[in-house]
Amino acid sequence: MEIVWQTPANPPDRHDYILRDGMRYVRPYYFEFISHVKNRWANKTIVDLFTEEFKGRPRDYYVSAVKAGRIQVDGRIVPISYVVQPSQKISHFVHRHEPPVMAWDIEILHREAEVLTVSKPASVPVHPCGQYRKNTVVGILQAEHGLAPLFPIHRLDRLVSGLLILARSASRADLFRQQIESGMVQKQYIARVDGVFPEDEQVVDANVNYNAREGMSTVEVGDDYINGNASAKGKSACTKFTRINTNGSHSIVLCEPITGRTHQIRVHLQCTGHPIANDMLYLSKSVTKRSSEGLGADRAAAKSNLSVDQSSHQNHKDEADNVAEEDFRIDPMCTNCPNLAPKGYDGHEEGLWLHCVKYTGPDWVYECPYPDWAFLS
């Protein structure tokens, strides 16, 4: 059977997906990754370059891939001793396995000639990034509804759900972005947070510093921030919070970010002592004035629920990893085959209790219904 190599120019198709046990998998496919030699890569052998810069696979794999022509330089097969030079084109032909996402439908909320709004499910990234290409909002809408091109005009983190606005032309996308950058757009989210949130409006005005290596943000508080110390590294950030209701254990809070920093709402809620109740990244490091004993009980309950969910998801993962061979082609050089999901995926994922509900512009407004978790019992 002849191998057909895909590139970013190949659009996703509805037959690319496998829906199983509440998860959406992508049928593994052959793909050409293209990069160009950076100055710091120069004068390394092709095998050393890949071993040092792309640590997801072992050195033995890269040796075999170069020998088999799965790694090429300027379109040519080279020996494993080949030394690369700046700006050369490197192609890596791989059997690509994308991580699965939760198999919720992407509900189309509003459709017009130049704008599309949808309800983005948690766990699905908005556009191709990292390991994700077809398992994205943009990819799924193209595959299942024939909607392309689409231009997302704002960000929603992968684990966040809710309103997503997509322009259907580059010119309309630029107009939206100009309005957002000039402060003409108001954003509203809701979150389900730990504990009884204060009844009065809370405003958190604290710099946010995102650490890309750790994948999380911190806030700059205390004397350094108050005194405007030049050593502060974070970006200015402000969020308004208003309690909608509470059941004594959790609260539903309206979140209105004035700025748009990475994880801003999540880390500002942590700063109030009321982090998102299922946000394990920030819940475990919550800055709280409440009883540490009470918060410990909340953490224990969250971990207990997570353990149960992980057990269920692991069973589903075991089933999905044993997909019949006819569902996709097993590649003898692939480091992920015969599994359907890539290595390193643990089989569990939970959407954050953070949901975008409304964007309001100078002469437009788009909204999204509340999720089930927003209705406290």
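The structure displayed is predicted, hence computed values, not measured ones.

Some points on the packing of aromatic side chains
Within this structure, the stated rule accounts for 11 aromatic pairs. For the ring pair phenylalanine 50 and tyrosine 62, a centre distance of 5.3 Å and an interplane angle of 40 degrees mean the geometry is tilted. One end of the pair, phenylalanine 50, is in helix H1 (residues 46-53); the other, tyrosine 62, is in helix H2 (residues 59-67), with 12 residues separating them in the sequence. A relative accessible area of 4% places phenylalanine 50 in the buried class. Residue tyrosine 62 is classed as buried on the basis of its relative accessible area of 2%. Seen from their ring centres, phenylalanine 197 and phenylalanine 241 are 6.2 Å apart, and the 70 degrees between their planes marks the pair as edge-to-face. Placement of phenylalanine 197 in the loop between strand S12 (186-194) and strand S13 (202-205) and of phenylalanine 241 in strand S16 (residues 238-246) is noted, with a sequence separation of 44 residues between them. Classification of phenylalanine 197 as buried rests on a relative accessible area of 0%. Cluster of aromatic residues (ring-pair linked, three or more members): Trp41, Phe50, Phe54, Tyr61 and Tyr62. The ring of tyrosine 61 has arginine 57 sitting right over it, with the charged end atom 5.2 Å from the ring centre. Its guanidinium or amino end placed over the ring of phenylalanine 31, arginine 96 lies 4.7 Å from that ring's centre, counting from NZ or CZ.

Considerations on H2
When we look at burial in H2, the residues that qualify are Tyr61, Tyr62, Val63, Ala65 and Val66. Considering only its buried residues, H2 is in contact with H1, strand S4 (71-73), strand S5 (76-77) and strand S6 (89-96). Glycine 69 lies just past H2 and shows a positive phi near 80 degrees.

Structural notes on the nonpolar core
Residues Ile46, Leu141, Ile165, Tyr189 and Leu269 are the most contacted members of the largest nonpolar core, which totals 81 residues. Once you skip the residues sitting within four places of it in the chain, isoleucine 165 turns out to touch Val115, Leu116, Thr117, Phe151, Pro152, Ile153, His154, Phe176, Tyr359, Trp364 and Tyr366. Counting residues in each nonpolar core, the second largest holds 11 residues, with Ala122, Cys334, Cys337 and Ala341 among its members.

Structural notes on the UniProt feature "active site" (unreviewed entry) in the protein
Per the UniProt record, the feature "active site" (unreviewed entry) sits at Asp157. With respect to the helices, strands and loops of the structure, aspartate 157 is situated in the loop between strand S10 (151-152) and strand S11 (161-167). What aspartate 157 contacts, discounting residues up to four positions off in sequence, is Lys120, His263 and Arg266.

Thoughts on a nonpolar patch on the surface
On the surface, a cluster of nonpolar side chains totalling about 320 Å² of accessible area is made up of Ile244, Tyr370 and Phe375. Here tyrosine 370 falls in the partly exposed class, since its relative accessible area comes to 38%.

With respect to helix H6 (residues 264-272)
In an α-helix, one turn spans 3.6 residues; hence positions three or four apart end up facing the same way. Among the 9 residues that make up H6, 7 are buried, leaving the element largely enclosed by the rest of the structure. Once H6 ends, the next one or two residues include glycine 273, with phi positive near 90 degrees.

Let's talk about the state of the cysteines
Enumeration over the complete set of coordinates arrives at 0 disulfides. No disulfide involves cysteine 337; its sulfur sits 3.8 Å from that of cysteine 334, the nearest cysteine. Taking relative accessible area as the criterion, cysteine 337 reaches 14% and is therefore assigned buried.

What counts and how
- Residues numbered from 1 in each chain as written.
- Predicted model: local features only at pLDDT ≥ 70, side-chain atom pairs only at ≥ 80, totals over all residues.
- Heavy atoms only, no water.
- Phe/Tyr/Trp six-rings, centres within 6.5 Å; stacked < 30°, edge-to-face > 60°.
- Helix = DSSP H or I, 4+ residues; strand = E, 2+ residues; numbered from the N terminus.
- Buried < 20%, exposed > 50% of the residue type's maximum accessible area, 1.4 Å probe, protein only.
- Lys NZ or Arg CZ within 6 Å of the ring centre and 35° of its normal.
- Contact = heavy atoms within 4.5 Å.
- Core = buried A, V, L, I, M, F, W, Y, C linked by side-chain atoms within 4.5 Å.
- UniProt positions renumbered as here; feature names shortened; annotations may be inferred.
- Patch = residues over 30% accessible without salt bridge, like charges linked within 9 Å, V, L, I, M, F, W, Y side chains within 5 Å.
- Areas by Shrake-Rupley, 256 points an atom, 1.4 Å probe, with all protein chains shown as cover.
- Salt bridge = Lys/Arg side-chain N within 4 Å of Asp/Glu carboxyl O.
- Disulfide = S-S within 2.5 Å.

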